[in-house]
Structures are given as structure tokens and as C-alpha cells.
Amino acid sequence: MPAVEVIEILFDFLYLLTVNLIGLIMVFKNDNQDQFQLFGIMTIILGVGDTFHILPRIYGLITNTFESHAMLIGLGKLITSVTMTAFYILLYRVWQIRYNKNNELLNVLVYFVAIVRVLICIFPQNDWFGNNPPVSWGIYRNIPFVVLGVITFISFYKTTSKGKDKEYRFMPLAIILSFVFYIPVVLFSNVFPTITMLMIPKTVSYLAIVFMGYISMNNNIKNSAK
């Protein structure tokens, strides 16, 4: 097995372990703070959703049998597509709670694009279980996802810029980088399979988001204990 694949497998296992563990810690050790409880649930959804996607991929790398396990890999991608949508909805809710924001028009837009994203994901034209799903439908279902990400990015950017929130000052950067690394994979992975390696820095971006929430929770608990 090539060294690159070994590194990817080890990284994936470490990522899944870290995210799911932090999510559980945040759910059960949040000092009754709604935003951190929500952040923990969001993190668990991220970890569980990615588990359905990553474990079949790891198995395919180890056995070199991607084509014969297309259904399992496709199911994992479908589940991840839905859970990632939920992840960004909950991250948007964390923003609302943390900064006491409630823009009704923005709320409608967020939930609308999320529903559109999920509806597109369940269309049979996505061919989730085939060996060569159409790139066009990958683009269609990711348009509302990108809109959701941009809304979340702008929301955090406006409330964390100029040192307004030092704990989350890198949150907008982590959000936008996750899409910068993800979009080329959607567009070009069928032509350049090695471009899927960009999913590693994308995953690091999600880890950064998770760690920011975890550190903020711990700081909150420490400050409350003083």
C-alpha cells in the first residue's frame, strides 16, 4: 500500500476518534450552556456522519475494492451530505445563541437552502450507488450547500472581526477554507482522482472549528468557577 494511503488511513482514524470524543465531552460537560450543548451535538453529528463516509473509504483503500463496494461508499456519501447540512445549520444556531442574533429573513434563507440541499441529495439522478455518479448533480446539490456556508461565514465574520471575539476569531477562516478545499474535489475528482487528498486539509478545517468550540467551553467553565 502506498505511503500516502497509509497516512490517509491513520489520519482518518485519528480524526474520527477525536471528533466523536470531543463531541461527547461537550454534550456531558457543558456547564448547562445551550451554545456548548448545541456545539457538542453538532460535533457528534459531524463525527457520526463522517464515520459512514470514511470507514467504507478506508476499507476500499485497504482492500483496493472501491468498485465492488460502490453501494456502501455511496450510502456513506449520501449520509454525510445530509449530516454536513445539519452541521452548518447547528453552527448557524450556535452563532445566533452566542451573539444573541435573530434575523428572521436570514433564518428563512438558511433553512430554505438547507431543505433544498437535502431534497436535491435524495434525487435518484445523483446515482449515489454507481461507480461513476454524474458530476453535474454533485454541482447541483452543492450550490445550496455553498450558500449555507457563505451565510455562516459572513455571520461569524461580522461578529468576530476586529477582535470582537478572540476565542472564535479564526472561525470564519476555518469555515471558508473548508469550502476552498472541498469545491475542487466536487468539480475535478472524476478527472484527477488524487485531488481527493484536499479532503485532508478540509477535515483539518473542521477540526479547527471543533477545537474552537471545545476551548471556548473550557474557558467558560474556568471563568464560572472563579
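Use the structure listed above.
These numbers were taken from a predicted model, which means no experiment stands behind them. (Residues numbered from 1 in each chain as written. Predicted model: local features only at pLDDT ≥ 70, side-chain atom pairs only at ≥ 80, totals over all residues. Heavy atoms only, no water.)

Could you give an account of the layout of surface pockets, naming the residues involved and the relevant values?
By volume, the largest pocket is sized at about 1,400 Å³. As for the largest pocket, its lining consists of 47 residues, and the residues nearest its centre are His53, Arg57, Lys77, Ser189 and Thr196. Of all elements in the fold, only helix H1 (3-28), helix H2 (34-63), helix H3 (70-99), helix H5 (135-160), helix H6 (171-188) and helix H7 (199-225) reach the threshold of two or more residues within the lining of the largest pocket. Per-element accounting of the lining of the largest pocket gives the leading share, 7 residues, to H3. Of the residues contributing to the lining of the largest pocket, the split by class is 22 nonpolar, 15 polar and 10 charged. (1 Å grid on protein atoms, 1.4 Å probe; cavity = no way out; pocket = protein on both sides within 12 Å on 5 of 7 lines; lining within 4 Å. Points joined across faces, edges and corners; volume = space filled by probe spheres on them. Helix = DSSP H or I, 4+ residues; strand = E, 2+ residues; numbered from the N terminus. Nonpolar A, V, L, I, M, F, W, Y, C, P; charged D, E, K, R; others polar.)

Help me get a handle on the nonpolar core, residues and values and all.
Counting 44 residues, the largest nonpolar core has Phe39, Phe87, Tyr88, Leu91 and Ile209 as the members making the most contacts within it. Those elements that provide at least two residues to this core are H1, H2, H3, helix H4 (104-121), H5, H6 and H7. The greatest single-element share of this core, amounting to 10 residues, is contributed by H3. What phenylalanine 39 contacts, discounting residues up to four positions off in sequence, is Met26, Leu91, Val94, Tyr168, Met171, Ile209, Val210 and Gly213. (Core = buried A, V, L, I, M, F, W, Y, C linked by side-chain atoms within 4.5 Å. Buried < 20%, exposed > 50% of the residue type's maximum accessible area, 1.4 Å probe, protein only. Contact = heavy atoms within 4.5 Å.)

Explain the environment of glutamine 37 to me, using residue names and the numbers behind them.
Its place among the elements puts glutamine 37 in helix H2. Considering only alpha carbons, one finds glutamine 37 and valine 27, 10 residues apart in sequence, at a separation of 5.0 Å.

If you had to explain unusual backbone geometry to someone new, which residues and values would you point to?
As a rule of thumb, non-glycine residues mostly have phi less than zero, and peptide bonds are mostly trans rather than cis. For asparagine 100, which is not glycine, the phi torsion reads 55° and is therefore positive. Tracing the chain through its elements places asparagine 100 in the loop between H3 and H4. Residue classification places asparagine 100 among the exposed residues on the basis of a relative accessible area of 72%. Of note, the phi angle at aspartate 127 is positive, near 50°, even though the residue is not glycine. Residue position: aspartate 127 is located in the loop between H4 and H5.

Tell me about the packing of H3 against H5, residues and numbers included.
The axes of two packed helices give the description: the angle between them and the distance between them. It is at 10 Å that the axes of H3 and H5 come closest, and there the two elements cross at 20°. Judged by the angle between their axes, H3 and H5 are roughly parallel. Pair H3 / H5 crosses with left-handed handedness. Taken together, the residues of H5 that come into contact with H3 (itself represented by Met84, Thr85, Tyr88, Ile89, Leu91, Tyr92, Trp95 and Tyr99) are Phe145, Leu148, Gly149, Ile151, Thr152, Ser155, Phe156, Thr159 and Thr160. Classifying every residue of the contact of H3 with H5 by side-chain character gives 11 nonpolar, 6 polar and no charged. (Axes fitted to C-alpha atoms, helices over the stretch in contact; angles between N-to-C directions. Parallel < 35°, antiparallel > 145°, perpendicular 65-115°, else oblique. Left-handed = near helix turned anticlockwise from the far one by under 90°.)

Explain the pattern of salt bridges residue by residue, including any values.
Enumeration over the complete set of coordinates arrives at 3 salt bridges. Linking arginine 57 and glutamate 8 is a salt bridge whose minimum nitrogen-to-oxygen distance equals 2.6 Å. A residue pair is termed long-range when its members are at least 10 positions apart, and arginine 57 in helix H2 and glutamate 8 in helix H1 qualify at 49 residues. Overall, arginine 57 belongs to the partly exposed group, its relative accessible area being 22%. Two residues, glutamate 167 and arginine 98, come together in a salt bridge whose shortest N-O distance is 2.8 Å. Residue glutamate 167 is located in the loop between H5 and H6, and its partner arginine 98 is located in helix H3; the two are separated by 69 residues in the primary sequence. (Salt bridge = Lys/Arg side-chain N within 4 Å of Asp/Glu carboxyl O.)

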